[in-house]
Amino acid sequence: MEVLAAEDIDIGTDIIPPLSPLASSLYDSFLSTHCSSCFSLLPQSPPHPLYCSAACSLTNSLIDLPQFPPEISPILPSDIRTALRLLNSTTVVTSSSPHRINGLLTNHHRIMADSSLSVAIQTAASFISTVLRSNRENTELEEAVICSVLTNAVEVQDSAGLALGIALYDSRFSWINHSCSPNSCYRFVTKTTSFHDDLALAKTIPHIIITNTETSSNLESKALSSLQEQFLQGRRVGYGPKVIVRSIKRIKSGEEITVSYMNLLQPTGLRQSDLWSKYRFMCNCGRCVASPPAYVDSILEGVLALEPEKTTVRLFHGTTNKDEAVGKMSDHIQGAIDDFLSDNINRKTCCERIETVLHHGIQITADSQPRHLWLHPCHHVALDAYITLATAYKIRTIDSETDMGKAFDMRRISAAYSFFLACASHHLFSTEPSFAMSAASFWKNAGESLLDLAMKFSTDSSVETPYKCTKCLMLETPDSYRKIEEKSKQILSCVTEISQVVWSFLTRGCPYLEKFSSPLDFSFTTTPRNEREESNKDQMVSVILLLSFHCLLYADLLTDLCYGQKSHLVSRYRM
């Protein structure tokens, strides 16, 4: 099963029409705030408690909130609702074996062989059979449908990245295979669109081919005929969270189209473990089988070592005691993050625990020599640490609101960690373009954090006038994405220049970040750096605003590449 490009596809191109789901369901926590059909926010006085409109309420005739048996864990209620809707709203096409449902792989035999899931699935299948008043002799079909949902459903996120629920799509999307270095990504559209809108967009989609069907065929004509057939049969189209696939690399004719099923900012071992746990397969993409490991994987689990009798550090490739030392550092940081997320620790203690490990590292003996090890700034645990620290320091701003000076310092360090994370993501993205989605999010967060820092604490009303860089605004052209490398280079050149002015100000009082001479330069020394003359925060506001602009502009470039959308924050700078 695979989807191939039938022609050359340029970067930043939508490559399949917007697909409505076969079935979908919100997570329980959003049932009272979002439409159960299209996933959009409910109006203040919705016509139905679960739907934003009368049209959406007609798309689901099933009782939406049945009482689920407690024995279904770890199966989620959203999984069962999706399976119920699939069985209730469509004609399920299956063979004599439960291995495919409507052409989708179920992994029934593998999942049912897992004792941690099989009992819950059997209980859920019996529950579904009872709800639908099935008269079948067994619940094998219900089991297969649940397994199909577990195997093929994807998490639906809104434009802010908030996970709202899950949706199951037909083979035009579900047959797109996973890669840890994908050439495409996907986004969701939660607003309702018309049949004519879908038909018009389908006509603009490049030709792609899906294989392993009864006959391989051109997907454009397949998509058009499917839409037209639904229209002629009176079936509603345009409801449910739609998915659109978009290229993030140039794809040659005949090349397989791939997306990622998981978080790519993990080293190979963790990715393989996640894929097996969730989807029951091992990835054999080029990144996973590379020997030696790809550069991004070497730094995602990389360690820096202090050379004996020297003050510089380098990437440590030794094995003696390394794994144990890295495990101790990772466990200590991850433990603090877990405590923070579960609210078992106050924010100050969380920051101290994480920063102690990041700053001091750990000492080991390797080859009879003492070595000091630190996590590489792009180590996957370090990336999680920066996210946590940026959040924790931002919350500490609220805790310190009675002391304006302390509150400013907390917000300043929060912005510094957000910016450092963005720079780390650029380092990864420059080597592996499929990290564009993560980088876009991190640069957007950094820009917003810096903007908030400048605007929140400024005493000069003149800073309300947006700061812009004419040189970078000229990059906004109707050109395609062929010059994305040049645009990125120009923006990052400005970021480097500006950060030289503001970095020491942002990181003052944060020993770990003070180690780095520049957020874009990950080689650091243990010798104290020359501090710039301290500046009053009001004198730095204009520089911080300028840095914020460039962060948001870079995020805008990456967001447009991945999702075809512009940031409302950048638009204010264009006025």
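Here's a quick rundown of the structure. (Residues numbered from 1 in each chain as written. Predicted model: local features only at pLDDT ≥ 70, side-chain atom pairs only at ≥ 80, totals over all residues. Heavy atoms only, no water.)

**A look at the sheet that holds strand β6 (residues 163-168)**
So, point 1. The strand order across the open sheet formed by 3 strands is β2-β6-β5, and the pairing between neighbours is antiparallel. If you trace the sheet from one side to the other, it starts and ends with β2 (23-26) and β5 (154-157), each paired once. Each neighbouring strand pair of the sheet contributes to a mean axis angle of 30°, computed without reference to strand direction. (Pairing = 2+ DSSP bridges. Helix = DSSP H or I, 4+ residues; strand = E, 2+ residues; numbered from the N terminus. Axes fitted to C-alpha atoms, helices over the stretch in contact; angles between N-to-C directions.)

**Overview of the nonpolar core**
So, point 1. Membership of the largest hydrophobic core comes to 100 residues, with the highest contact counts inside it found for Y417, W443 and L506.
So, point 2. By residue number, the principal contributor to this core is helix α20 (residues 537-563), which donates 15 residues.
So, point 3. With residues near it in sequence (within four places) discarded, W443 still touches F419, A422, C423, S425, H426, L492, V495, C551, Y554, A555 and L558.
So, point 4. Ranked by size, the runner-up nonpolar core spans 55 residues in total, among them L87, V149, V154 and V245. (Core = buried A, V, L, I, M, F, W, Y, C linked by side-chain atoms within 4.5 Å. Buried < 20%, exposed > 50% of the residue type's maximum accessible area, 1.4 Å probe, protein only. Contact = heavy atoms within 4.5 Å.)

**Some thoughts on helix α12 (residues 322-341)**
So, point 1. Spanning 20 residues, α12 covers 28 Å between terminal C-alpha atoms, matching the ideal 28 Å at 1.5 Å per step.
So, point 2. Within the sequence span of α12, burial applies to K322, A325, V326, M329, S330, I333, A336, I337 and F340. Each buried residue of α12 sits inside an arc of 125° when the element is viewed along its axis, so together they form one side. Those residues of α12 that are exposed and aimed more than 90 degrees away from the buried face are D323, E324 and D331.
So, point 3. The first or second residue beyond α12 is D343, which carries a positive phi of 60°. (Expected span 1.5 Å × (residues − 1). Arc of directions from axis to C-beta.)

**Notes on the packing of aromatic side chains**
So, point 1. Throughout the structure, instances matching the rule amount to 18 aromatic pairs.
So, point 2. Relative to F420, the ring of Y386 has its centre 5.2 Å away and its plane inclined at 75°; by these criteria the two rings are edge-to-face. Of this pair, Y386 sits in helix α14 (residues 380-399) while F420 sits in helix α15 (residues 404-429), placing them 34 residues apart in sequence.
So, point 3. Overall, Y386 belongs to the buried group, its relative accessible area being 0%.
So, point 4. Note on F420: relative accessible area 0%, which makes it buried. (Phe/Tyr/Trp six-rings, centres within 6.5 Å; stacked < 30°, edge-to-face > 60°.)

**Quick look at the side chain of N107**
So, point 1. Mapped onto the secondary structure, N107 falls in the loop between β4 (104-105) and α3 (108-112).
So, point 2. Classification of N107 as buried rests on a relative accessible area of 6%.

**As for the pattern of salt bridges**
So, point 1. According to the stated counting rule, one finds 14 salt bridges in the structure shown.
So, point 2. K328 is the partner of E324 in a salt bridge, and the nearest nitrogen-oxygen pair spans 3.7 Å. Taken together, the positions of E324 and K328, both in helix α12 and 4 residues apart, correspond to about one turn of that helix.
So, point 3. Residues participating in the shared-partner salt-bridge network are D14, R187 and R246. (Salt bridge = Lys/Arg side-chain N within 4 Å of Asp/Glu carboxyl O.)

**As for unusual backbone geometry**
If a residue is not glycine, its phi is most likely negative; likewise, a peptide bond is most likely trans.
So, point 1. Looking along the chain, the bond that leaves S291 and enters P292 is cis, with omega of 0°.
So, point 2. Topologically, P292 is positioned in the loop between α10 (286-289) and α11 (295-300).
So, point 3. In this structure, F39 takes a positive phi of about 70° despite not being glycine.
So, point 4. Note on placement: F39 falls in the loop between β2 and α1 (54-57).
So, point 5. The exposure class of F39 is buried, given its relative accessible area of 1%.
So, point 6. Its identity as a non-glycine residue notwithstanding, N107 has a phi of 60°, on the positive side.

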